[in-house]
Amino acid sequence: MSKNRLAEGIQSQALALGFEKLALIPLPRLNGFGSEVDRRLDALPEGQAKSVDKAVFERFAAFRRLSEVYPWAKTAIIAVMNYGVYRIPSNLIGKIGRVFCVDCRKDAQSQGYKASLALEEFMIANGLRVETERKYGLLPLRWAAYRAGLGRGRKNNFFYTQSGSWIHLEAWLGDQELELTENVELKPCPKDCDLCLKACPTGALAEPYLTRPSLCLTFLNATRPSDWVNHPLAKAAGEWIYGCDMCQGACPFNRNKWREDEEFPGLAELSQNLGLGQIVDLDYAWIRANLAPKFWYAPPENAFQWKVNALNALKNSWPPSEWRLYAQRALKDESPEVRRMAAWVLSLAD
Ligand code: B12
Ligand code: SF4
Ligand code: SF4
C-alpha cells in the first residue's frame, strides 16, 4: 500500500470508529515543544510554587526528546474524540470534572477505549509498528494536535476543535513516515477576552496559554491528596472534589457544545452514592472497589482523599447546620487525615 493510501486508510478508519478527527505528522515537526515549556517556566516568579510547576513538567521530560527515546519512530498519529455527548448526572456537575466522569483512558466498557483498541489493531494489521500510552500519553498531545492543524490552543490553555474543548486527545508513534495534516480555520480568542482567566478560582491561569500545575485544582484535588487544613486555596477549591471545569465552562467557544445524547456506562449508578455528604459516610471498601478504578488518579491507598475533599467542599458550600452531623461522624473515621479535616471544619463552624 502506498504511504498516502495508508495514511488515508487510518484516517477513515478512525472516523468510522467514532473519532472526530485524526492526523499524521512526521515526528521532527513536533520539535519546539521544549522551548515552549522553558519560555513559560522562565516567565514565572521564583518560589515554592515554581518548583512544583517545574517538577510536573519534568515528569514529562521525554516529550522533549521523542526521537532519542523512540529512535524507531517516524510519525505521530493524533486522534481526537469528542466526549461532550454524555449525560452528566446533575449532582456531579460543578464537583467532579466532566472529563473524569466520562474518562475512557482505562475504561474497557467505554466506547472511546474500544475505538482506541480497534484503531490500533487496524494500524498493526496494515503493517505499521505503533506504540501508545493510554493514561498520560507518550507525547505532548496539545502541541502535536496544534502542529497537525487539528484545531487551536486557546488562552485557557485548552485545545479546541469545532466541538469546543470537550475533547480527548490520544496519540501513537508509528515507524513509517506518514503525513496527513489539516488546516483548521477556527477564530482566535478575541483580543480583550479574559473570561477564563477570571473564572479560574485559584489563579492557575497565570497568563494566557499557561496553566500552573501547582495552583490548578485538578492537580490539588485529583492527582494527590491535599492537606486542606489551613491550605491557602482551601476556600478557592469551592465545591470541586475531583478536577475542575471553571476555565472551560466560562468560554464562549464552549457554549452549547455539550450535547447529553448518550449514557456513559455505569455513571448514573455510581452518581447515586456521590452526594457530598454521602461521600463522607462512604465505606472504604466501596471506595476502593468502585471509585479507584474509575477515578484512577486517586488509587485505593488514597481512598481517604474523597472524604477530605468532600469535607472541604461541604465547608465551602453548605451552611454548617447541614453538614455538622457528617463532620461529627467523621471525627471517628478510621483515617487520621479525615479525622483531622473533620476537626478543622468543625472548628471553623463554631
Ligand atoms: C501534566 C498534565 C496536566 C497537569 C499540568 C497541566 C499543564 N499545565 O500542563 C495538571 C494535573 C494540572 C492537568 C490538569 C488538567 N488536564 Co491535563 N494533562 C497533562 C498532560 C499529561 C501533559 C501536559 C503537558 O505536557 N504540559 C506541559 C505544557 C507546557 O504543555 P501543554 O499544556 O500541552 O501546552 C501546550 C499547548 O498549549 C501548546 N499549544 C497549543 N496551541 C498552541 C498555539 C501556539 C501558537 C503555541 C505557541 C503553543 C500552542 O503549547 C503548549 C506548550 O507546548 C496532558 C497529556 C499529554 N500527554 O499531553 C494532559 C492534558 C493536557 N490534560 C487534559 C485535561 C482535560 C486536563 C483537565 C481539564 C482535567 C480537568 N477537567 O480537571 C485539567 C485542566 C487544566 C488546564 N487548564 O489545562 C487534556 C486536555 C484536552 C484539551 N482539550 O486541551 C490532555 C491533553 C489529556 C488528554 N489526553 O486529552 N493536566
Ligand atoms: S481547571 Fe480549574 S483550577 Fe485548573 S486552570 Fe482551569 S479553572 Fe483553574
Ligand atoms: S474564555 Fe475567552 S480568552 Fe478564554 S479561551 Fe475562551 S475565548 Fe479565549
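Overview of the overall build of the chain
Regarding its fold elements, the chain presents 16 helices and six strands. Taken against the 2.2 N^0.38 rule, which gives 20 Å for 350 residues, the C-alpha radius of gyration of the chain at 21 Å falls within 12% of a compact globule. A burial count over the chain gives 51% of its 350 residues as buried. Within the chain, contacts between residues separated by at least 24 positions form 77% of all contacts whose residues are at least 6 apart in sequence. Accessible area of the chain: about 16200 Å², with a carbon and sulfur share of 51%. The centroid of the 44 positive side-chain charges in the chain is displaced by 3 Å from the centroid of its 40 negative side-chain charges.

Digging into the pairing of strand β2 (residues 75–82)
Taking burial as the measure, the eight residues of β2 include eight buried ones, the bulk of the element. Of the pairings in the sheet, the one linking strand β1 (residues 21–26) to β2 comprises six bridges and is antiparallel in character. Of the residues in β2, the one forming a bridge with L24 is I77. Taken together, the eight bridges between β2 and strand β6 (residues 167–174) define a ladder with antiparallel strand orientation. In the strand pairing of β6, V80 is matched with L169.

Topic: the packing of helix α15 (residues 320–330) against helix α16 (residues 336–349)
One way to put it is that α15 packs onto α16 with a least axis distance of 9 Å and a crossing angle of 150 degrees. Here α15 runs over α16; the crossing is left-handed. Contacts between α15 and α16 involve P320, W323, R324, A327, Q328 and A330 on the former and, on the latter, V338, R339, A342, V345, L346 and A349. Grouping the amino acids of the contact of α15 with α16 by side-chain chemistry returns nine nonpolar, one polar and two charged.

A closer look at the site of ligand 1
As a matter of local geometry, ligand 1 sits amid 37 residues, with Y136, F159, L169, T211 and T218 nearest to it. In this structure, S165 approaches ligand 1 through a main-chain N or O atom, which is 3.3 Å from a nitrogen atom. With respect to ligand 1, the side chain of D245 contributes an N or O atom lying 3.4 Å from a nitrogen atom. Secondary structure elements with two or more residues in the shell around ligand 1: α2 (33–42), α5 (98–101), α7 (141–147), β6, α9 (217–222) and α10 (246–249). Classifying every residue of the shell around ligand 1 by side-chain character gives 22 nonpolar, 11 polar and four charged. Composition of the shell around ligand 1 by domain shows at least three residues from each of domain 1 (3–174) and domain 2 (202–243 + 273–349).

Digging into the site of ligand 2
In the vicinity of ligand 2, the contacting residues are C200, P201, T202, A204, L205, T211, C216, L217, C244, M246 and C247. In terms of residue class, the shell around ligand 2 is built from nine nonpolar, two polar and no charged.

Brief notes about the nonpolar core
Among soluble globular proteins, nonpolar side chains are generally buried collectively. Ranked by internal contacts, the top residues of the largest apolar core, which has 57 residues, are I96, W228, Y242, L274, F295, W306 and L311. Those elements giving two or more residues to this core turn out to be α5, α9, α11 (267–271), α12 (276–281), α13 (284–294), α14 (304–317), α15 and α16. Core analysis: the second largest hydrophobic core is formed by 30 residues, A73, L138, A145 and F159 among them.

A few points about the side chain of S335
Tracing the sequence through the fold places S335 in the loop between α15 and α16. Look past the residues within four positions of S335 in its chain and what remains in contact with it is Y284 and F304.

Considering the domain arrangement of the chain
The figure often quoted for interface size is the accessible area lost as the parts come together. When its domains are assigned, the chain resolves into domain 1 (3–174) and domain 2 (202–243 + 273–349). Taken over C-alpha atoms, the centre of domain 1 sits 28 Å from the centre of domain 2. Counting residues at the interface gives 30 residues for domain 1 and 25 residues for domain 2. In this assembly, domain 1 packs against domain 2 so that about 2400 Å² is buried in total across both faces, 64% of it on carbon and sulfur atoms. A salt bridge links D53 to R212; its shortest N-O distance comes to 2.7 Å. Linking domain 1 to domain 2 there are 13 residue pairs in polar contact (both at pLDDT 80 or more). Elements supplying a minimum of two residues to the side of domain 1 that touches domain 2: α3 (48–59) and α5. Per-element tally for the side of domain 1 that touches domain 2: the top contributor is α3, with six residues. When grouped by side-chain class, the residues that make up the side of domain 1 that touches domain 2 number 13 nonpolar, six polar and 11 charged.

Calculation criteria
- Every chain's residues receive numbers from 1 upward, in the order its sequence appears when written.
- Working convention: letters from A go to chains and numbers from 1 go to ligands, in the order in which they are written.
- With the structure being a predicted model, the display of local features is reserved for residues of pLDDT at least 70 and the display and counting of side-chain atom pairs for 80 or more, all residues being used for whole-chain, interface and lining totals.
- The basis for every side-chain value is the complete set of non-hydrogen atoms in the structure, without hydrogens or water.
- Strands are runs of DSSP state E lasting at least 2 residues, helices are runs of H or I lasting at least 4, and numbering of each runs from the N terminus.
- For the radius of gyration, the atoms used are the C-alpha atoms, and the globule rule reads 2.2 Å times the number of residues raised to 0.38.
- Only protein chains enter the calculation, and the probe is 1.4 Å; a residue is then buried if its accessible area is under 20% of its type maximum, exposed if over 50%, and partly exposed in between.
- The contact criterion used throughout is that any non-hydrogen atoms of two residues lie within 4.5 Å.
- In these tables, accessible area is a Shrake-Rupley quantity obtained with a 1.4 Å probe, and a residue counts as shielded only by the protein chains included in the view.
- Residues scored as charged are limited to Lys and Arg (positive) and Asp and Glu (negative), so that His and the chain ends carry no count.
- Note on charges: their place is set at NZ of Lys, CZ of Arg, CG of Asp or CD of Glu.
- The pairing criterion for strands is at least two bridges between them, as found by DSSP.
- Here an angle of 0 to 180 degrees is reported between the N-to-C directions of two axes, which are lines fitted to C-alpha atoms, with helices fitted over the stretch in contact.
- What makes a crossing left-handed is the near helix being turned counterclockwise from the far one by less than a right angle; a clockwise turn instead makes it right-handed.
- Residues are grouped as follows: Ala, Val, Leu, Ile, Met, Phe, Trp, Tyr, Cys and Pro are nonpolar; Asp, Glu, Lys and Arg are charged; all remaining types, including Gly, are polar.
- The nearness test applies per residue and asks whether one of its heavy atoms lies within 4 Å of the molecule or strand.
- Pairs of N or O atoms within 3.5 Å make up the polar contacts considered here, provided that, within protein, one atom can donate a hydrogen while the other can accept it, and that residues adjacent in sequence are counted only when both atoms are side-chain atoms.
- Where each domain starts and ends comes from a domain assignment, either automatic or drawn from a database.
- Among buried residues, those of type Ala, Val, Leu, Ile, Met, Phe, Trp, Tyr and Cys that are joined through side-chain atoms within 4.5 Å constitute a nonpolar core.
- Accessible area that two parts lose when put together, evaluated with a 1.4 Å probe and summed over both, is termed the buried area.
- For salt bridges, the criterion is a side-chain nitrogen of Lys or Arg within 4 Å of an Asp or Glu carboxyl oxygen.

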